[in-house]
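Letter by letter, the chains look like this.
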Amino acid sequence: CRKNRGRIFWKVKAQDDLEVVMKKTGKFYAAVLFTILAAAGQIAYNFTLIPLFEALLAGNLSGVFRAFLLMAAVLVLMVAMLCLQEYFQGMAVADTQRVMRSNIIANPQKYEISNLINDMDLLEKNYLLPYFSRVQIISNFVFCLASLLYLHWLLIVLGGVSFVIMMFLSQRLGPFSKK
């Protein structure tokens, strides 16, 4: 096996072992689930600001107190989801590395010694962590669109139109660093 610009190049038939390693386990799915729930928790926390501002504008102190209690409850749940997300992501990475190392030790003729040292970190940095980051970004995007749709569908239309206008202007004007 040789490494080139952060990519892993496997010897013949080692690709089959990589596919066995990349089988998704329960810990992997739990990490994905808590990544999605953490993104939902962030959006839910933002929605708890609505009753707070309404109570503040109305001058309702009991409503402010209830809004703070709601915010505290959602914040505790969100922090719990973030902790569980980190825990299960670490467990998924550790399981993947453990299976990979056992495959390398069981079949040493298929691999070079550098697989045991270098490729474990590459597997984590180039596959697992970016995968979880993409899941979180996509979840945030979907939950943001859903919250905008909940508030009013016209917000999505206005956001899309402004995005298209900004893209058109950036292509027409070019990068500002050249000017």
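That block above? That's the structure.
Scope of this entry: the structure provided in the associated data block. Throughout this description, residue numbers start from 1 for each chain and increase along the sequence as written. Residues qualify for local features only when their pLDDT is at least 70, as the model is predicted, and side-chain atom pairs are given and counted only at 80 or more; totals for whole chains, interfaces and linings, by contrast, use all residues. Think of the side-chain values as coming from all heavy atoms in the structure, minus any hydrogens and water.

This brings us to the overall build of the chain. Under the scheme used here, helices are H or I runs from DSSP no shorter than 4 residues and strands are E runs no shorter than 2 residues, and both carry numbers assigned from the N terminus. Helices and strands together make up the secondary structure of the chain, namely 6 helices and 2 strands. Each helix (α) and strand (β) of the chain, taken in turn from the N terminus, gives the series β-β-α-α-α-α-α-α. Burial status follows relative accessibility: with a 1.4 Å probe on protein chains alone, a residue under 20% of its type maximum counts as buried, one over 50% as exposed, and anything between as partly exposed. Residues counted as buried form 27% of the 179 residues belonging to the chain. When checking whether two residues touch, look at their non-hydrogen atoms; a contact exists if any pair is within 4.5 Å. Across the chain, the fraction of contacts at a sequence separation of at least 24, relative to all contacts at a separation of at least 6, is 74%.

Time to look at the packing of aromatic side chains. Aromatic rings from Phe, Tyr and Trp, with only the six-membered ring used for Trp, were paired whenever their centres fell within 6.5 Å, and each pair was classed as stacked if the ring planes differed by under 30 degrees, edge-to-face if by over 60, and tilted otherwise. Inspection of the entire model under this criterion finds 7 aromatic pairs. Seen in terms of ring centroids, phenylalanine 28 and tyrosine 29 are 6.0 Å apart; in terms of plane orientation they differ by 75°. Their pairing is edge-to-face. Its relative accessible area of 5% is what places phenylalanine 28 among the buried residues. Taken together through their ring pairs, the aromatic side chains of Phe28, Tyr29, Tyr131 and Phe132 make up a single cluster.

One finds Phe28, Ala30, Ala31, Val32, Phe34, Phe88, Ala92, Val93, Leu128, Phe132 and Val135 forming the largest nonpolar core, which totals 11 residues. Elements represented by at least two residues in this core include exactly helix 2 (26-47), helix 4 (61-106) and helix 5 (113-151). Setting aside anything within four residues of it in sequence, one finds alanine 92 in contact with Lys27, Phe28 and Phe132. In these notes, a set of buried Ala, Val, Leu, Ile, Met, Phe, Trp, Tyr and Cys residues joined through side-chain atoms within 4.5 Å is what counts as a nonpolar core. One finds Leu52, Ala55, Ala67 and Met71 within the second-largest nonpolar core, a separate group that totals 5 residues.

Let us look at the packing of helix 2 against helix 3 (residues 49-58). Contact geometry for helix 2 and helix 3: axes closest at 4 Å, N-to-C directions at 10°. In this view, helix 2 runs roughly parallel relative to helix 3, as classed from their interaxial angle. Packed against helix 2, whose contacting residues are Tyr45, Asn46 and Phe47, the element helix 3 presents Leu49, Ile50 and Pro51 at the interface. Throughout, the ten residues Ala, Val, Leu, Ile, Met, Phe, Trp, Tyr, Cys and Pro are labelled nonpolar, Asp, Glu, Lys and Arg are labelled charged, and all others, Gly among them, are labelled polar. Residue classes in the contact of helix 2 with helix 3 are distributed as 5 nonpolar, 1 polar and no charged. Fitted lines through C-alpha atoms serve as axes, helices being fitted only where they are in contact, and the angles separating the N-to-C directions of these axes extend from 0 to 180 degrees. Note on terminology: angles under 35 degrees are roughly parallel, angles over 145 are roughly antiparallel, angles of 65 to 115 are roughly perpendicular, and the others are oblique.

This part covers the environment of asparagine 46. Mapped onto the secondary structure, asparagine 46 falls in helix 2. Between the C-alpha atom of asparagine 46 and that of serine 147, which follows or precedes it by 101 residues, the distance is 9.9 Å.

Further remarks concern the side chain of threonine 48. Tracing the sequence through the fold places threonine 48 in the loop between helix 2 and helix 3. With a relative accessible area of 4%, threonine 48 lands in the buried category. Pairs of N or O atoms are called polar contacts if they sit within 3.5 Å, as long as, within protein, a hydrogen donor faces a hydrogen acceptor (for residues adjacent in sequence, only side-chain-to-side-chain pairs). Reaching out from threonine 48, the side chain makes a polar contact with the backbone oxygen of tyrosine 45 at a distance of 2.4 Å. Setting aside residues up to four positions removed in sequence, threonine 48 forms contacts with Leu70, Met71 and Val74.

The next thing to look at is helix 2. Here, expected helix span is obtained from the residue count minus one, scaled by 1.5 Å. Between its terminal C-alpha atoms helix 2 stretches 31 Å, which fits the 32 Å expected from 22 residues at 1.5 Å a residue. Of the residues making up helix 2, those classed as buried are Phe28, Ala30, Ala31, Val32, Phe34, Thr35, Ala38, Ala39, Gly41 and Ile43.

Before going further, it helps to examine the side chain of glutamine 85. Positionally, glutamine 85 belongs in helix 4. Judged by relative accessible area, which is 4%, glutamine 85 ranks as buried. Those residues in contact with glutamine 85 that sit more than four places away from it in its chain are Phe34, Thr35, Ala38 and Gln136.

Packing of helix 2 against helix 4 leaves a shortest axis separation of 8 Å and a crossing angle of 155°. As summarised for this structure, helix 2 and helix 4 are arranged roughly antiparallel, according to the angle between their axes. Of the two elements, helix 2 crosses helix 4, and the hand of that crossing is left-handed. A class-by-class count of the residues in the contact of helix 2 with helix 4 yields 18 nonpolar, 5 polar and 2 charged. Put simply, a crossing is left-handed when the front helix is turned counterclockwise from the back one by less than a right angle, and right-handed when it is turned clockwise.

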